[in-house]
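Okay, here's what each chain looks like letter by letter:
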Amino acid sequence: MKSIFTILFVAFVVMISFAEVTTSEKDALIKLNQSTKGDQWTTKWNLKTPVATWYGVTVLNDKVIAIDLSSNNLSGNLPSEISNLVSITSLVLFQNDISGEIPASIGELKALEKLNLSFNKFSGAIPSQLSEATSLRSIELFMNRLDGVLPTSFNKLQKLEVLSLYNNQISGTIPAELYQIKSLRILQLNSNKLTGKLSSEIANLTALENLSLFDNTMVGQVPFDIEKLNNLKEMNISYNSFNGLISAKLAKKDTLNMTMLNDEGVAITLKIAADKNTAIATEE
């Protein structure tokens, strides 16, 4: 009797382990495989085996909940059918060779919490529809070829903690709506083509721990309101065209001590207000 029970138990475990996802989800994965040249991947999928056995795919309760194909030699494009993975919480395709635009359909993934498409060759603007994925906590799109402006609709992402978009070609100003995401801990927009001023509304980001804006073409007075960010541990806003006085406290926060570029492209250090830690000035 005990041996029969053991056999039945093992059979049950095997059956659960190899349970299949829905046809829609499986088709989406196959489309991903085809669109990113799966036959050239470093670790390939055997499409004849259950989805739960496919490299980098996590299945729970017959649903795809995560994909991590980092550094796996993916190329080609990311298909719009990715939106059929309705239960996915984490999509990580870090350090591959994927090109083309980021599919707007990713915004349909209401369960998605982590999106990492960094170190690829994505181009075009960041789709505003991304803000419809309101469960997002982390967006990492750094080291791509993205251009256009920052979506004003990002203020819908009230759970967002990480926004890392550095080393792209994003232009325009930082939209006021971005300062409404009070959950932000990491904001990395450095090495883009951002212009305009840094608003005093930066003080609204009370959870901010890391602020990186260096190597852009931003102008105007550095807001002293940055001093109100008590959780701020790392900051680099140098190599812009900010001007005016700064406080010693702000200078110490910046890893490059507020080194800016003047109208002639010469590196200068902003002057620290004398005899005070906090400077008070009117923004230009």
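Shown above is the structure to which this text applies.
It should be emphasised that the depicted structure is a prediction, and the values quoted were computed from it without experimental measurement.

What follows is about the overall build of the protein. Helix and strand counts for the protein stand at three helices and 19 strands. Across the protein, contacts joining residues at least 24 apart in sequence account for 49% of those joining residues at least 6 apart. Surface summary for the protein: the accessible area is close to 13,600 Å², and the carbon and sulfur share equals 53%.

This part covers the pairing of strand E2 (residues 63-68). As judged from the four bridges shared by strand E1 (residues 57-60) and E2, these two strands associate in the antiparallel manner. When the sheet's bridge partners are listed, Val57 is paired in E2 with Ile67. In the sheet, E2 pairs with strand E4 (residues 90-92) via three bridges, with the strands oriented parallel. Paired with Ala66 across the strands is Ser90, a residue of E4.

In this section: the sheet that holds strand E5 (residues 97-100). Across a sheet, strands are paired by hydrogen bonds formed along the backbone, either parallel or antiparallel in direction. If you walk across this open sheet you meet the four strands as E3-E5-E7-E9, and the pairing is parallel. Because the sheet does not close on itself, it has two edges, and the strands there are strand E3 (75-77) and strand E9 (145-147). Pairwise comparison of adjacent strand axes, ignoring direction, gives a mean angle of 20 degrees for this sheet. Of the pairings in the sheet, the one linking E5 to strand E7 (residues 121-125) comprises two bridges and is parallel in character. Residue Ser99 lies in a different strand from E7, and its bridge partner there is Lys121.

On to unusual backbone geometry, then. With phi around 50 degrees, Ser71 is a residue other than glycine that occupies positive phi space. By secondary structure assignment, the location of Ser71 is in the loop between E2 and E3. Here Ser71 falls in the partly exposed class, since its relative accessible area comes to 41%. A positive phi angle, near 55 degrees, is found at Met143, a position not held by glycine. Turning to its location among the elements, Met143 is positioned in the loop between strand E8 (138-140) and E9. A residue is classified by how much of its surface remains accessible, and Met143, at 30% relative accessible area, is partly exposed.

A complete count under the given rule lists six salt bridges for this structure. With a shortest N-O distance of 3.0 Å, Lys121 and Asp97 are connected by a salt bridge. Placement of Lys121 in strand E7 and of Asp97 in strand E5 is noted, with a sequence separation of 24 residues between them. The partly exposed category is assigned to Lys121, whose relative accessible area is 32%. The shortest N-O distance in the salt bridge between Arg185 and Glu209 comes to 3.6 Å.

Pairing is mixed across the open sheet formed by nine strands, whose spatial order is E1-E2-E4-E6-E8-E10-E12-E14-E16. In this open sheet, the two edge strands, each paired with only one partner strand, are E1 and strand E16 (234-236). Taken over all neighbouring pairs, the strand axes of this sheet differ in orientation by 15 degrees on average, direction set aside.

Our focus in this paragraph is helix H2 (residues 23-35). For H2, with 13 residues, the first-to-last C-alpha span of 18 Å sits near the 18 Å given by 1.5 Å per residue. Listed in full, the buried residues belonging to H2 are Glu25, Ala28, Leu29, Leu32, Asn33 and Ser35. Each element contacted by the buried residues of H2 is listed here: E1, E2 and E3. Where H2 ends, the next residue or the one after it, Lys37, has phi of about 55 degrees, a positive value.

The next subject is the packing of aromatic side chains. Within this structure, the stated rule accounts for six aromatic pairs. The interplanar angle of 80 degrees and the centroid separation of 4.8 Å between the aromatic rings of Trp41 and Trp45 together place this pair among those described as edge-to-face. Comparing Trp41 with Trp45, the two get one shared label, buried. Residues Trp45 and Trp54 carry aromatic rings whose centres are separated by 4.9 Å and whose planes lie at 25 degrees to one another, so their mutual orientation is stacked. Here the two residues Trp45 and Trp54 agree in accessibility, since each one is buried. One aromatic cluster is present, formed by Phe94, Phe119, Phe142 and Tyr166 through successive ring pairs.

Cut-offs used in this document
- Residues numbered from 1 in each chain as written.
- Predicted model: local features only at pLDDT ≥ 70, side-chain atom pairs only at ≥ 80, totals over all residues.
- Heavy atoms only, no water.
- Helix = DSSP H or I, 4+ residues; strand = E, 2+ residues; numbered from the N terminus.
- Contact = heavy atoms within 4.5 Å.
- Areas by Shrake-Rupley, 256 points an atom, 1.4 Å probe, with all protein chains shown as cover.
- Pairing = 2+ DSSP bridges.
- Axes fitted to C-alpha atoms, helices over the stretch in contact; angles between N-to-C directions.
- Buried < 20%, exposed > 50% of the residue type's maximum accessible area, 1.4 Å probe, protein only.
- Salt bridge = Lys/Arg side-chain N within 4 Å of Asp/Glu carboxyl O.
- Expected span 1.5 Å × (residues − 1).
- Phe/Tyr/Trp six-rings, centres within 6.5 Å; stacked < 30°, edge-to-face > 60°.

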